[in-house]
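Listed below, chain by chain, are the residues.
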Amino acid sequence: MNDKELLPWLEKMLTGDEAAFRVVYQATHTDVHRTIAFLVYNKQDIEDIVNETYIRMWRSFHTYDQSRPFRFWLHGITVRQVQDWKRKAWRRIRLFERNRLMHDEQFDWADSTVIKSETQLELLGMVRTLSYKLRLVVILRYFHDYALDEIAELLQIPLGTVKSRHHLALKALRKHCELSGGDSYVHRQTTTR
């Protein structure tokens, strides 16, 4: 269901209609879950962040500007929830020295609903090696097809920072491809919208 098809349901959500919320949830859940799964590896944390994202969406829906794309607004909430989770996780790690426990249960990248081919699996394995900030720009740019200026707006950072992270991410991915002896999947994907 695209944003235009969601519009009547979004209008009903403004009145507090829980049935409309369920429709919006069903229409967007897979996309939100995948985005979070690309950024966070622990399965339990993924589910917690998805739940927090929809709670935040419900509570802040009155701030949604209907002249803007709904999914863009929802992706903004999703990214902020992941960032909040990362801050909280870092505090827990420092306080309780749980670093080893945070990485025990890794996300299964071979899940057929997330990855459909071995090439995509290999590319996502490479993306997974990037730092969070670089990985976030790559996911938003190539998974959600946002332009660099849209990513800057979504992350609330300068466009130059997004361009720098994008450049560094592609450079790291190219280097990884060269070191692994494979074809360079990344060098031609640098055009911006």
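Bear in mind that the values here come from a model prediction, so they are computed numbers and not experimental data.

Participant: Provide a residue-level description of the overall build of the protein chain, including the pertinent values.
Facilitator: Scanning the protein chain from terminus to terminus reveals nine helices and zero strands. Start at the N end of the protein chain and walk to the C end: the helices and strands fall as α-α-α-α-α-α-α-α-α. Counting all 193 residues of the protein chain, 39% fall into the buried class. Contacts in the protein chain between residues far apart in sequence, at least 24 positions, make up 61% of those at least 6 positions apart. Carbon together with sulfur atoms contributes 51% to the accessible area of the protein chain, which is approximately 11400 Å² in total.

Participant: So what about the packing of helix α2 (residues 18-39) against helix α7 (residues 132-143)? Which residues, and what values?
Facilitator: Packing of α2 against α7 brings their axes to within 9 Å, and their N-to-C directions diverge by 145°. Of the two elements, α2 crosses α7, and the hand of that crossing is right-handed. Where α2 approaches α7, its residues Asp-31, Arg-34, Thr-35, Phe-38 and Leu-39 are matched on the opposing element by Tyr-132, Arg-135, Leu-136, Ile-139 and Phe-143. Within the contact of α2 with α7, the residues separate by chemical class into six nonpolar, one polar and three charged.

Participant: Which residues make up the packing of aromatic side chains, and what are the values?
Facilitator: Any aromatic ring pair is given by two values, namely how distant the centres are and how the planes are angled relative to each other. For the coordinates displayed, the defined rule picks out 12 aromatic pairs. Between Tyr-64 and Trp-73, the ring centres sit 5.2 Å apart and the planes meet at 50°, which makes this aromatic pair tilted. Judged by its relative accessible area of 9%, Tyr-64 is buried. Here a set of aromatic residues connected by ring pairs shows up, and it is made of Phe-21, Tyr-25, Tyr-54 and Trp-58. Sitting above the plane of the Tyr-41 ring, Arg-128 keeps its charged end 4.3 Å from the centroid. If you follow Arg-141 out to its NZ or CZ, it ends over the ring of Tyr-142, 5.4 Å from the centre.

Participant: Which residues make up the pattern of salt bridges, and what values go with them?
Facilitator: A complete count under the given rule lists three salt bridges for this structure. One salt bridge connects Asp-84 with Arg-87, and the closest N-O pair in it is separated by 2.3 Å. Here Asp-84 and its partner Arg-87 are both found in helix α4 (residues 70-96), three residues apart, which amounts to about one turn of the helix.

Participant: Please set out the nonpolar core residue by residue, giving values where relevant.
Facilitator: Considering soluble globular proteins, one finds that nonpolar side chains tend to be buried as a cluster. Counting residues in hydrophobic clusters, the biggest one holds 48 residues, and the most contacted among them are Met-57 and Phe-70. Every element with two or more residues in this core is listed here: α1 (3-14), α2, α3 (43-60), α4, α6 (118-128), α7, α8 (148-155) and α9 (159-180).

Participant: If you had to explain the packing of α2 against α3 to someone new, which residues and values would you point to?
Facilitator: Helix packing geometry: the angle between the two helix axes and the distance between the axes. Across the interface, α2 lies against α3 with an axial gap of 10 Å and an inter-helix angle of 140°. If you check the angle between α2 and α3, you find them oblique. The interaxial crossing formed by α2 with α3 has right-handed handedness. Contact residues: Glu-18, Phe-21, Val-24, Tyr-25, Thr-28, His-29, Val-32, His-33, Ile-36 and Ala-37 in α2; Ile-46, Glu-47, Ile-49, Val-50, Thr-53, Tyr-54, Met-57 and Trp-58 in α3.

Participant: With reference to specific residues and values, describe the side chain of Ser-60.
Facilitator: As for its position among the elements, Ser-60 is in helix α3. Other than its neighbours up to four places away in sequence, Ser-60 contacts Trp-73 and Ile-77.

Reading guide: rules and limits
- Residues numbered from 1 in each chain as written.
- Predicted model: local features only at pLDDT ≥ 70, side-chain atom pairs only at ≥ 80, totals over all residues.
- Heavy atoms only, no water.
- Helix = DSSP H or I, 4+ residues; strand = E, 2+ residues; numbered from the N terminus.
- Buried < 20%, exposed > 50% of the residue type's maximum accessible area, 1.4 Å probe, protein only.
- Contact = heavy atoms within 4.5 Å.
- Areas by Shrake-Rupley, 256 points an atom, 1.4 Å probe, with all protein chains shown as cover.
- Axes fitted to C-alpha atoms, helices over the stretch in contact; angles between N-to-C directions.
- Left-handed = near helix turned anticlockwise from the far one by under 90°.
- Nonpolar A, V, L, I, M, F, W, Y, C, P; charged D, E, K, R; others polar.
- Phe/Tyr/Trp six-rings, centres within 6.5 Å; stacked < 30°, edge-to-face > 60°.
- Lys NZ or Arg CZ within 6 Å of the ring centre and 35° of its normal.
- Salt bridge = Lys/Arg side-chain N within 4 Å of Asp/Glu carboxyl O.
- Core = buried A, V, L, I, M, F, W, Y, C linked by side-chain atoms within 4.5 Å.
- Parallel < 35°, antiparallel > 145°, perpendicular 65-115°, else oblique.

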